[in-house]
Amino acid sequence: MERLQHIRGAIFDLDGTLLDSMWVWAEIDRRFLSKRGFAVPPDYLAAVNGLDFIQAARYTVDRFGLDETPETLIAEWSETARAAYAQEIGLKPFAADYLRALHSRGVKLGIATSAAPELYEPALTRGGVFDLFSAATLTKEVSRGKAFPDIYIETAARLNLSPAECAVFEDISIGVRSAKAGGFLAVGVFDRYADADTPRYADIYIDSFAALL
């Protein structure tokens, strides 16, 4: 934990890390696939984690052999998700307190996410923390997904910081591993929908943001 006292920047994934939102995506997946006669495979959520909407839609079309366009899937997912993010999804316990504590210390805060701004902005605003962030990068803005450190490197650059000055907070092991590969301090955050390998790869692992207060 001491290493976190010396960071100048903190970059956060949103879904499953700052936002308690993965249950929504699990439910959207269940409803979507059930309408088409499929159960949700055990590895499906892990497979689409870290992909942006278009990549996830293409993967879903290919995996289930759907006679639909990726754009049709995105429209259906977006309509359901937009209402949930605006009205139901909240921050994880103590996340707002930790963000405010970092901000008060002069630590620059960034976002690295595959979620669209029209989804996450209402949730962060309702949680009272949206204005604390100085930069945000979407996976679609970089050439490679979260299996590579591109999104974290770009967010650090937008904060005018180097990777060595920043910590990355992620719930999934693929994000933790790529953040470490990019030279960041990698902090794993527990989420009940995340894969079990995150603690093994994280430099620091927390069950709750309360541990950092």
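Use the structure listed above.
A brief report on the enclosed structure follows. Just so it is clear, the model here is predicted, and its values are computed rather than measured.

### Some details on the pairing of strand β1 (residues 9–12)
Consideration 1: Here β1 shows a buried face lined by G9 and I11 and a second buried face lined by A10 and F12.
Consideration 2: Relative to strand β2 (residues 108–113), β1 is paired through four bridges, and the arrangement is parallel. Residue pairing in the sheet places I11 in a bridge with G110 of β2.
Consideration 3: Here β1 runs beside strand β4 (residues 166–170); their pairing, made up of four bridges, is parallel. Bridging across to β4, A10 finds its partner in A167.

### Observations regarding helix α5 (residues 95–104)
Consideration 1: Those residues of α5 that sit buried are A95, A96, Y98, L99 and L102. Along α5, the residues classed as buried sweep out an arc of 165° about the axis, all on the same side.
Consideration 2: Buried-residue contacts for α5 involve β1, β2 and β4.
Consideration 3: Of the residues flanking the end of α5, it is G106, one or two places downstream, whose phi is positive at about 85°.

### Overview of the nonpolar core
Consideration 1: Counting 54 residues, the largest nonpolar core has L4, F12, L109, F133, F169 and F209 as the members making the most contacts within it.
Consideration 2: Leave out the neighbours within four places in its chain, and F133 touches F12, L18, L99, L109, G110, I111 and L124.

### Here's the deal with the pattern of salt bridges
Consideration 1: This structure, assessed with the given rule, holds 16 salt bridges.
Consideration 2: Between D203 and K180 there is a salt bridge, with its nearest N and O atoms 3.6 Å apart. Placement of the pair is D203 in the loop between α9 (198–201) and β6 (204–206) and K180 in helix α8 (residues 173–181), with a sequence separation of 23 residues.
Consideration 3: D203 gets classed as partly exposed once you look at its relative accessible area, which sits at 30%.
Consideration 4: With relative accessibility at 37%, the residue K180 sits in the partly exposed group.
Consideration 5: As a salt-bridge pair, D197 and R200 come within 3.3 Å of each other at their nearest N and O atoms.
Consideration 6: Judged by relative accessible area, which is 33%, D197 ranks as partly exposed.
Consideration 7: Beyond isolated ion pairs, a larger network of salt bridges with shared partners links K35, R36, E68 and E76.

### Description of the packing of helix α4 (residues 70–87) against helix α6 (residues 117–126)
Consideration 1: Taken N-terminus to C-terminus, the directions of α4 and α6 make an angle of 15°; their axes are 7 Å apart at the nearest point. Relative to α6, the element α4 is oriented roughly parallel. The two elements α4 and α6 cross, and the hand of that crossing is left-handed. Here α4 contributes A81, R82, Y85, A86 and Q87 to the contact with α6, which in turn contributes E118, L119, Y120, P122, A123 and R126.
Consideration 2: The class makeup of the residues in the contact of α4 with α6 is seven nonpolar, one polar and three charged.

### Digging into the sheet that holds β1
Strands belonging to one sheet form pairs held by backbone hydrogen bonds; the direction of such a pair is parallel or antiparallel.
Consideration 1: The strand order across the open sheet built from six strands is β3-β2-β1-β4-β5-β6, with neighbouring strands paired in parallel fashion. Each end of this open sheet is capped by a strand with a single partner; those strands are β3 (135–138) and β6. Neighbour to neighbour, the strand axes of the sheet diverge by 20° on average, direction disregarded.
Consideration 2: Inspection of the sheet shows β2 paired to β3 by four bridges, in the parallel sense. Residue A112 lies in a different strand from β3, and its bridge partner there is T137.

Definitions and limits used
- Residues numbered from 1 in each chain as written.
- Predicted model: local features only at pLDDT ≥ 70, side-chain atom pairs only at ≥ 80, totals over all residues.
- Heavy atoms only, no water.
- Buried < 20%, exposed > 50% of the residue type's maximum accessible area, 1.4 Å probe, protein only.
- Helix = DSSP H or I, 4+ residues; strand = E, 2+ residues; numbered from the N terminus.
- Pairing = 2+ DSSP bridges.
- Arc of directions from axis to C-beta.
- Contact = heavy atoms within 4.5 Å.
- Core = buried A, V, L, I, M, F, W, Y, C linked by side-chain atoms within 4.5 Å.
- Salt bridge = Lys/Arg side-chain N within 4 Å of Asp/Glu carboxyl O.
- Axes fitted to C-alpha atoms, helices over the stretch in contact; angles between N-to-C directions.
- Parallel < 35°, antiparallel > 145°, perpendicular 65-115°, else oblique.
- Left-handed = near helix turned anticlockwise from the far one by under 90°.
- Nonpolar A, V, L, I, M, F, W, Y, C, P; charged D, E, K, R; others polar.

As far as function goes, none of this settles anything; it's purely spatial.
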